[in-house]
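Listed here are the chains, written in short residue letters.
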Amino acid sequence: NPARHTPAKLAAANYFSVTMETNDAKLVTLPDSSRIWLNATASLRWREDFNKQDRSVQLTGEGFFEVNGHEGKPFIIHTRDIAIQVLGTKFNVEAYSGEEITRVSLVQGKVKVRAGKDSTVAAVLKPGFAAAYYNDGAEMNISETQAGTVAAWKRGAFSATDLPFKDAVMRLCIRNGYRVTWQNTQGIDKNISVMFRKEPFTKMLDNLCYINRKQYRISDRQVTIY
């Protein structure tokens, strides 16, 4: 079970904030009893007056949301590139700052996803579907998804769905406290989809590098891909 996390109050800005400092999933419970699991390196913040007039949070990184329904108070998640409006539902959000893509994968309920730059670029998702948005794009790409892999990271597993190889490597390494240096960049922009059960870091990195015919070495928390 994920550990519960106590948010820190940012007094000057009247915000509460949670920033992940470990590799394990953390559970955050908001004032409306909605629950959010944060993946490694993720951060979440919300205003002190959350749930008084509206319910709005800001996410960087990856989180799985279980949002309680509240008539008249839609729950809105803001990321760098998109806004997600929900009433009551379960869904996963991938919004890593170093990546070009943001993905929302719906497990239960209904959500509306819109681009931050252009609110006409939007989609309404049904369960079993995901919306992917590239930060320089003009459309939402909708695809089917599997509920079992959407938030496998909550159980310590690792998954990447239609993600560039370089981003998958970065996610895995950063989640485990490693930096990455690239000496071989051939083919690293090619998208991959993988699902690894919870295993030692080097075993998962072995499997990931095998897909792209890469090798690696590790020294002082530094992974070099060659």
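Scroll up to find the structure this text is about.
Residues numbered from 1 in each chain as written. Predicted model: local features only at pLDDT ≥ 70, side-chain atom pairs only at ≥ 80, totals over all residues. Heavy atoms only, no water.

Draft legend 1. Representation of the overall build of the protein chain in the model. Broken down by element type, the protein chain carries three helices and 20 strands. Whereas a compact globule of 226 residues would reach a radius of gyration of roughly 17 Å, the protein chain reaches 18 Å, a difference of no more than 12%. Overall size of the protein chain, expressed as C-alpha extent along the three principal axes, is 55 × 35 × 30 Å. The buried share among the 226 residues of the protein chain stands at 46%. Counting every atom, the protein chain has about 11700 Å² of accessible surface; 45% of that belongs to carbon and sulfur. Side chains of the protein chain carry 31 positive and 23 negative charges; the gap between the two charge centres is 4 Å. (Helix = DSSP H or I, 4+ residues; strand = E, 2+ residues; numbered from the N terminus. Rg over C-alpha atoms; globule rule 2.2 N^0.38 Å. Buried < 20%, exposed > 50% of the residue type's maximum accessible area, 1.4 Å probe, protein only. Areas by Shrake-Rupley, 256 points an atom, 1.4 Å probe, with all protein chains shown as cover. Lys, Arg positive; Asp, Glu negative; His and termini not counted. Charge placed at Lys NZ, Arg CZ, Asp CG, Glu CD.)

Draft legend 2. Here's a closer look at the pairing of strand β11 (residues 101–108). By the criterion of burial, β11 is predominantly enclosed, with six of the eight residues buried. Looking at chain direction, strand β10 (residues 89–95) and β11 are connected through five bridges and run antiparallel. The partner of Val-93 across the bridge, within β11, is Val-104. Counting the residues between successive antiparallel strands, the hairpin from β10 to β11 contains five residues. With five bridges connecting them, β11 and strand β14 (residues 129–134) associate as antiparallel partners. Opposite Arg-103, over in β14, you have Ala-132 as the bridge partner. (Pairing = 2+ DSSP bridges.)

Draft legend 3. Local environment of the pattern of salt bridges. For the structure on display, the rule yields twelve salt bridges. A salt bridge links Arg-35 to Glu-66, with the shortest nitrogen-to-oxygen separation between them at 3.0 Å. With Arg-35 in strand β5 (residues 35–38) and Glu-66 in strand β7 (residues 55–67), this residue pair connects regions lying 31 residues apart in the sequence. Judged by its relative accessible area of 17%, Glu-66 falls in the buried class. One salt bridge in this structure joins Glu-94 and Arg-103, with 3.4 Å as the shortest N-O distance. Arg-103 carries the same exposure label as Glu-94, and that label is buried. In this structure, a network of salt bridges that share partners links the residues Glu-62, Glu-94, Glu-99, Arg-103 and Arg-171. (Salt bridge = Lys/Arg side-chain N within 4 Å of Asp/Glu carboxyl O.)

Draft legend 4. Representation of the packing of helix α2 (residues 165–175) against helix α3 (residues 201–211) within the structure. Viewed as axis vectors pointing N to C, α2 and α3 meet at an angle of 175°, and their least axial separation amounts to 11 Å. Taken together, the axes of α2 and α3 are roughly antiparallel relative to one another. Note on element contacts: α3 touches α2 through Phe-201, Met-204, Leu-205, Leu-208 and Cys-209, opposite Phe-165, Ala-168, Val-169, Leu-172, Cys-173 and Arg-175. Among the residues forming the contact of α2 with α3, the class breakdown is ten nonpolar, no polar and one charged. (Axes fitted to C-alpha atoms, helices over the stretch in contact; angles between N-to-C directions. Parallel < 35°, antiparallel > 145°, perpendicular 65-115°, else oblique. Contact = heavy atoms within 4.5 Å. Nonpolar A, V, L, I, M, F, W, Y, C, P; charged D, E, K, R; others polar.)

Draft legend 5. How the structure looks around unusual backbone geometry. The phi dihedral of Asp-162 is positive, around 50°, even though this residue is not glycine. Along the chain, the position of Asp-162 falls in strand β16 (residues 158–164). Given the relative accessible area of 41%, Asp-162 is considered partly exposed. Positive phi is not limited to glycine here, since Arg-221 has a value of about 65°.

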